[in-house]
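Descriptive structure summary
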Amino acid sequence: MRALREVVLAHGAGDPPDLATLARELGAVIHRHSGELADELDALRRTSRFERWQLGGRLKHGASLLVMVWPPNYATPVHDHAGLWGLEVALHGALEVENWRRDADGALHQRSREWLGPGDATWFDDAEAGLHRCRNLSRHDVALSLHVYGGDLDEYLAYEQLRPGEAWRTLPQRAAIVGQLRT
């Protein structure tokens, strides 16, 4: 975990930083240290609920690091990231990321879909690009991902549509952190 934090310290400066380079370097560390990471994160892989764990404290250039635990088949609602830039990289398992866009009238539409395996990353550098929904693709295994944000993601907005064709509802959310992982 220390190696992941060191990559973010080295490449995470800027607003936003060079997210492609950051993604490439994090992916390389994940591939190079997959066994060590699996051992360090073993306890999280036995968790049965969605959780956010902080990886060390906030970095000197303002970025924050989180490890997220995804129970089998768990999906987030469509949500934003409060205007922060962000990068998400799979550590264990496979995630689906649906990217959404908002029309001028407030309607949301899916614009693309990505699949992430260990070391694969996706990123966004503005509020509109950060509108997405994530899901663990496994029906049986927990997935883990590392998230790097350009600040603290304390609050964000989730969106739901009760029936197709109806207006999307905006639901303010608080991003609860379960605890802090040692590096």
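From a predicted model like this one, the values you see are computed outputs, not experimental measurements.

**Remarks on the pattern of salt bridges**
Scanning all chains against the criterion turns up 11 salt bridges. Glu25 is paired through a salt bridge with Arg24; the nearest N and O atoms lie 3.3 Å apart. Exposure remark for Arg24: the relative accessible area of 52% places this residue in the exposed category. Notably, a salt bridge pairs Arg49 with Glu51, separated by 2.9 Å at the nearest N-O pair. Linked through salt bridges whose partners overlap, the residues forming this network are Glu96, Glu98, Arg113, Arg133 and Arg135.

**A look at the sheet that holds strand E2 (residues 64-70)**
Working definition: the strands of a sheet are paired by backbone hydrogen bonds and lie parallel or antiparallel to each other. Pairing is mixed across the open sheet formed by 6 strands, whose spatial order is E7-E4-E9-E2-E1-E12. Looking at strand neighbours, the two that pair on one side only are strand E7 (121-124) and strand E12 (179-181), the edges of this open sheet. The sheet shows a mean angle of 30° between the axes of neighbouring strands, direction not considered. Strand direction decides the pairing type here: strand E4 (residues 86-92) and E7, joined by 4 bridges, are antiparallel. Counted as the bridge partner of Leu87 is Trp123 from E7. Together, E4, E7 and strand E9 (143-149) form the strand contacts of helix H2 (residues 19-32), whose direction differs from that of E4 by roughly 15°.

**Some words on the nonpolar core**
Membership of the largest hydrophobic core comes to 30 residues, with the highest contact counts inside it found for Leu4, Leu26, Leu146 and Val148. Top contributing element to this core by residue count: H2, with 6 residues. Not counting residues up to four positions away in its chain, the partners in contact with Leu26 are Leu4, Val7, Val8, Leu87, Val89, Leu146 and Val148. Within the second largest apolar cluster, 16 residues are counted, among which are Met68, Ala90, Leu116 and Phe124.

Here is what the cut-offs are and how they apply
Residues numbered from 1 in each chain as written. Predicted model: local features only at pLDDT ≥ 70, side-chain atom pairs only at ≥ 80, totals over all residues. Heavy atoms only, no water. Salt bridge = Lys/Arg side-chain N within 4 Å of Asp/Glu carboxyl O. Buried < 20%, exposed > 50% of the residue type's maximum accessible area, 1.4 Å probe, protein only. Pairing = 2+ DSSP bridges. Helix = DSSP H or I, 4+ residues; strand = E, 2+ residues; numbered from the N terminus. Axes fitted to C-alpha atoms, helices over the stretch in contact; angles between N-to-C directions. Contact = heavy atoms within 4.5 Å. Core = buried A, V, L, I, M, F, W, Y, C linked by side-chain atoms within 4.5 Å.

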